[in-house]
6 protein chains.
Amino acid sequence: MPRLTIARRMTFSAAHRLYDPALSRAENERLFGKCANPRGHGHNYVLEVHVSGELDPASGMIVDLKWLKDVVESRLLAEIDHRNLNEDVDFLAGVNPTAENLALAFWQRLEPALRPRAHLARLRLWETENNFAEVSAD
Amino acid sequence: MPRLTIARRMTFSAAHRLYDPALSRAENERLFGKCANPRGHGHNYVLEVHVSGELDPASGMIVDLKWLKDVVESRLLAEIDHRNLNEDVDFLAGVNPTAENLALAFWQRLEPALRPRAHLARLRLWETENNFAEVSAD
Amino acid sequence: MPRLTIARRMTFSAAHRLYDPALSRAENERLFGKCANPRGHGHNYVLEVHVSGELDPASGMIVDLKWLKDVVESRLLAEIDHRNLNEDVDFLAGVNPTAENLALAFWQRLEPALRPRAHLARLRLWETENNFAEVSAD
Amino acid sequence: MPRLTIARRMTFSAAHRLYDPALSRAENERLFGKCANPRGHGHNYVLEVHVSGELDPASGMIVDLKWLKDVVESRLLAEIDHRNLNEDVDFLAGVNPTAENLALAFWQRLEPALRPRAHLARLRLWETENNFAEVSAD
Amino acid sequence: MPRLTIARRMTFSAAHRLYDPALSRAENERLFGKCANPRGHGHNYVLEVHVSGELDPASGMIVDLKWLKDVVESRLLAEIDHRNLNEDVDFLAGVNPTAENLALAFWQRLEPALRPRAHLARLRLWETENNFAEVSAD
Amino acid sequence: MPRLTIARRMTFSAAHRLYDPALSRAENERLFGKCANPRGHGHNYVLEVHVSGELDPASGMIVDLKWLKDVVESRLLAEIDHRNLNEDVDFLAGVNPTAENLALAFWQRLEPALRPRAHLARLRLWETENNFAEVSAD
């Protein structure tokens with residue numbers, strides 16, 4: 001049997017800096033280059049949320065895309081859109097907001113919120129049009 | 001050995017509505033929202049067809065992309081492009097044309113048409129620039 | 001002095017057919033080809049609304065983009081998104097919904113709704129990723 | 001005679017907030033909504049620089065695109081990429097960094113830097129994939 | 001009265017090199033850098049053809065987009081797609097194929113071919129996703 | 001445990017032709033159609049390099065994206081960008097430059113260059129906006 005997933009693409013805009021507070025400013029600049037600028041920079045992030053699950057024969061859907069959008073907005077985007085990811089977000093406290101760390105943190109936040117109606121299969125986070133981090137279930 | 005696939009991206013424009021004829025209009029609107037509008041709406045669908053297979057050493061190709069395009073056009077797009085997916089398409093009779101159901105129906109139609117020259121590995125159907133359904137072989 | 005405009009890109013999904021009810025079906029097919037299919041097809045339209053105006057020194061804006069978005073949604077998209085443009089839309093009654101006619105009708109609907117806060121400078125309507133109609137003030 | 005221009009598309013990532021220091025925080029939030037978040041948010045800005053000029057018959061170019069890219073990088077992007085537009089940029093001191101104000105400030109900075117080899121004809125600044133401000137010479 | 005145009009986006013793939021045969025190889029490399037490579041490089045060009053004209057009340061169109069596509073294909077793309085622009089194209093003989101020179105040559109070729117049904121209003125030629133040349137009627 | 005990858009998208013422009021020197025010109029044209037044009041054509045290729053590996057807790061990264069970009073540029077793009085893939089590239093000598101053969105050759109070149117810091121997980125090579133070849137590790 002082939003495997004079925006659906007995905008929703010969403011965007012948010014946030015500030016961040018790459019910075020390890022245990023290190024000196026010079027050491028941070030050596031590690032993170034221009035991304036360590038103390039007053040931050042920012043991105044239009046693009047988030048793709050891919051989910052799998054049983055096809056409901058009554059609706060012809062795994063889950064309603066509107067429900068999926070609402071879960072991602074209420075559980076994730078409401079806390080990160082138009083925010084500073086180093087300073088404003090409780091669930092990112094102490095996290096250096098690299099694309100990898102953000103994708104893992106978003107996975108941990110969305111995965112239980114989608115169950116049992118859907119299984120998070122893949123989460124891709126574009127930081128710019130030229131790079132992304134991706135977490136997948138297998 | 002790494003795994004090799006090739007893919008072709010194609011587009012078609014069609015009308016559809018999400019509607020279960022066994023249910024009342026009110027029930028359809030509760031289930032499908034604005035997508036249940038009786039006179040329909042439509043999309044510029046984007047279809048990605050990914051195939052795997054043996055690399056032919058004479059041509060340096062799995063299959064000629066022109067052949068792949070011709071199969072998808074003659075077996076699929078000729079029946080759905082510039083059509084109403086609820087009313088005009090024989091192989092979709094009785095199918096509620098959600099992205100999931102369309103992707104599965106297209107898979108069933110293309111998979112035997114490509115064999116034995118190629119194996120359908122993945123089929124991704126974008127309904128808008130923000131959502132897709134995907135069927136994959138593994 | 002250079003000229004300043006701002007623009008908002010928005011999308012909607014709708015069904016339509018190209019059809020002149022004064023002509024026979026054969027004549028419609030001769031004129032409009034596959035676009036004349038009686039049960040319609042559809043598109044994900046992309047609408048760009050460009051406005052000019054005085055820069056407000058207090059806000060640093062011509063107009064708030066949120067206000068611009070609200071006007072386009074309430075005066076235009078609320079009537080056309082997820083609709084059939086031939087049958088569902090009062091202000092398009094009797095209009096053959098070519099890209100040209102739609103762009104002109106949208107211009108006539110938005111231009112007075114934006115005044116006097118902003119002037120509609122250009123309206124571009126993409127029907128597919130490969131074609132658009134554009135109306136501009138000069 | 002038709003008119004000839006060439007354009008270069010470039011990107012930069014920056015943090016900003018919309019904020020008038022002469023106003024209270026509540027008043028800023030009323031005016032700028034979530035864009036007034038005190039710790040900022042950010043964008044992947046896309047900048048299009050369009051220039052006109054004489055076609056040099058020896059090179060077949062108005063100006064070398066590499067020269068155009070170097071001017072924009074050295075005179076503009078070097079000061080704004082991976083920076084906080086409210087706090088890090090001398091030529092934006094006291095400017096509320098709306099898309100309109102940024103586009104005008106970038107115009108004033110680039111226009112003399114390109115002369116006399118080229119004339120700045122249009123500058124489009126995309127703040128997100130859905131909105132831009134544009135300054136043009138006529 | 002607002003001004004109305006329609007546009008068609010088309011693509012072609014071609015090889016070229018920037019080279020003035022009257023100059024030495026060293027001088028060509030100084031002028032054109034890596035673009036002067038003697039065996040050439042290539043691009044997926046994107047061509048946008050914008051036309052204006054009277055709106056035909058019978059069809060609701062300036063011109064049929066299929067006719068516009070056919071003219072561009074038969075008069076232009078048939079001679080340049082999958083070709084070497086320095087060596088294969090009669091109407092480009094002796095032309096150094098910069099984006100500027102190509103856009104002007106395409107304008108001269110298409111402008112009379114579209115008359116009197118339509119007026120060529122603007123021709124934009126993208127050489128890469130980051131640069132284009134544009135010719136416009138005013 | 002979910003699986004983590006990061007990816008970098010890069011572009012290059014090159015000329016190529018599809019041609020088997022052991023065959024006649026007529027046979028090449030039968031096999032490869034317009035792609036067999038003796039003087040070549042070309043593309044703006046888009047290359048996506050996906051890598052997996054251990055997340056370094058000190059940096060919050062699998063590998064620094066700048067390091068990944070530098071490896072791809074120095075080991076691959078320096079030899080193929082603005083080149084003729086049939087004639088200019090040592091590691092492609094004797095290779096018919098189909099998308100499949102290029103993707104495999106690029107994999108073989110990048111895979112050892114990234115180890116042991118990262119594992120090449122997937123390499124996608126877009127030849128046009130409508131087709132790609134992809135090599136993946138599993």
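To start, this report covers the structure provided alongside it. Every chain begins its residue count from 1, and numbering advances along the sequence as written. Whichever chain is written first is A, and whichever ligand is written first is 1; the rest continue in order. Where totals are concerned, whole chains, interfaces and linings use all residues; where local detail is concerned, this predicted model gives features only for residues with pLDDT of at least 70, and gives and counts side-chain atom pairs only at 80 or more. The basis for every side-chain value is the complete set of non-hydrogen atoms in the structure, without hydrogens or water.

**As for the arrangement of the chains**
To keep things clear, this is the line we draw: Note on contacts: a residue pair is in contact if any heavy atoms of the two residues lie within 4.5 Å.
Spatially, chain A and chain C are disjoint, and the shortest separation between their C-alpha atoms is 14 Å. Note that chain B does not reach chain D: the shortest distance linking a C-alpha of one to a C-alpha of the other is 12 Å.

**Section: the pairing of strand S2 (residues 41–52) of chain E**
Residues and elements named next belong to chain E. We apply this condition: Burial classification: accessible surface area is computed with a 1.4 Å probe over protein chains only, and a residue below 20% of its type maximum counts as buried, one above 50% as exposed, and the rest as partly exposed. The numbering of helices and of strands both runs from the N terminus, where a helix is a DSSP run of H or I of at least 4 residues and a strand a run of E of at least 2. Here a strand pair is declared whenever DSSP counts at least two bridges between the two strands.
Counting buried residues in S2 gives twelve out of twelve residues, a clear majority hidden from the surface. Here S2 shows two buried faces, one formed by His 41, His 43, Tyr 45, Leu 47, Val 49 and Val 51 and the other by Gly 42, Asn 44, Val 46, Glu 48, His 50 and Ser 52. In this sheet, S2 lies alongside strand S1 (residues 3–16) in antiparallel orientation, the contact comprising twelve bridges. If you follow Ile 6 over to S2, its bridge partner there is Val 51.

**Quick notes on the side chain of His41(C)**
Its location among the elements puts His41(C) in strand S2 (residues 41–52). Exposure remark for His41(C): the relative accessible area of 0% places this residue in the buried category. The contact partners of His41(C), leaving out residues within four places of it in the chain, are Ser13(B), Ala14(B), Ala15(B), His82(B), Arg83(B), Ala14(C), Ala15(C), His16(C), Arg17(C) and Cys35(C).

**Thoughts on the relation of the copies chain D and chain C**
The two chain copies are connected by a rotation around an axis plus a translation along it. As a reminder of what qualifies: A least-squares fit on C-alpha atoms brings the copies together, and the residues used are those whose pLDDT is at least 70 in both copies.
In the superposition of chain D on chain C (RMSD 0.0 Å, axial shift 0.0 Å), the rotation amounts to 120°. Considering both components of the superposition, the chain copies are consistent with a three-fold axis. Closest approach to the rotation axis within chain D is made by the C-alpha atom of Asp138(D), at a distance of 6.5 Å.

**Observations regarding the interface of chain C and chain B**
This is how it is decided: Buried area is understood as the total, over both parts, of accessible area removed when two parts are fitted together, assessed with a 1.4 Å probe. What counts as a salt bridge is simple: a side-chain nitrogen of Lys or Arg found within 4 Å of a carboxyl oxygen of Asp or Glu. Within 3.5 Å is the distance limit for a polar contact, defined as a pair of N or O atoms, with the added protein rule that one can donate a hydrogen and the other accept it, and that residues adjacent in sequence qualify only through two side-chain atoms.
Opposite the 23 residues of chain C that make contact, chain B presents 23 residues. Around 1,800 Å² of area is buried between chain C and chain B when both sides are counted, 43% of it from carbon and sulfur atoms. At the junction of chain C and chain B, the tally comes to six salt bridges. Two residues, Lys34(B) and Asp81(C), come together in a salt bridge whose shortest N-O distance is 3.1 Å. Inspection of the region where chain C meets chain B yields 23 residue pairs in polar contact (both at pLDDT 80 or more). Secondary structure elements with two or more residues in the side of chain C that touches chain B: strand S1 (3–16), S2, strand S3 (83–84) and strand S4 (119–128) of chain C. Counting residues per element, the side of chain C that touches chain B draws most heavily on S1(C), at five residues.

**Considering the pattern of salt bridges**
A complete count under the given rule lists 66 salt bridges over all chains for this structure. For Glu29(D), the salt bridge is made with Arg25(D), and the minimal N-O distance between the two is 3.4 Å. Of the two residues, Glu29(D) and Arg25(D) both sit in helix H1 (residues 25–32), four residues apart, roughly one turn of that helix. With a closest N to O distance of 2.6 Å, Glu134(F) and Arg124(F) form a salt bridge. Of the two residues, Glu134(F) sits in strand S5 (residues 131–136) while Arg124(F) sits in strand S4 (residues 119–128), which places them ten residues apart along the sequence. On the basis of relative accessibility, which here comes to 4%, the residue Glu134(F) falls in the buried class.

**Some points on helix H2 (residues 65–80) of chain D**
Because an α-helix packs 3.6 residues into every turn, residues spaced three or four apart end up facing the same way. All names here are of chain D. Where we set the bar: To estimate how far a helix should extend, the number of its residues minus one is multiplied by 1.5 Å. Consider a residue and the seven residues that end there alongside the seven that start there; fitting an axis to each set, the bend is the angle between those axes.
Across its 16 residues, H2 extends 21 Å between first and last C-alpha, which sits within 8% of the 22 Å expected from 1.5 Å per residue. If you look at H2, its biggest bend is around 45°, right at Glu 73. Within the sequence span of H2, burial applies to Leu 68, Val 71, Val 72, Leu 76, Leu 77 and Ile 80. Those residues of H2 that are buried lie in contact with strand S1 (3–16), strand S2 (41–52), strand S3 (83–84) and helix H3 (99–114). For H2, the N-terminal cap is Asp 64; the gap from its side-chain oxygen to the backbone nitrogen of Lys 66 is 2.9 Å. Two residues or fewer past H2, His 82 is found with a positive phi of approximately 60°.

**Here we look at the environment of Leu18(A)**
Structurally, Leu18(A) is set in the loop between strand S1 (3–16) and helix H1 (25–32). Between the alpha carbons of Leu18(A) and Pro38(A) there is a distance of 8.9 Å; along the sequence they are 20 residues apart. Among all residues touching Leu18(A), those that are not within four sequence positions of it are Asn28(A), Phe32(A), Cys35(A), Ala36(A), Asn96(A), Pro97(A), Thr98(A) and Met61(F).

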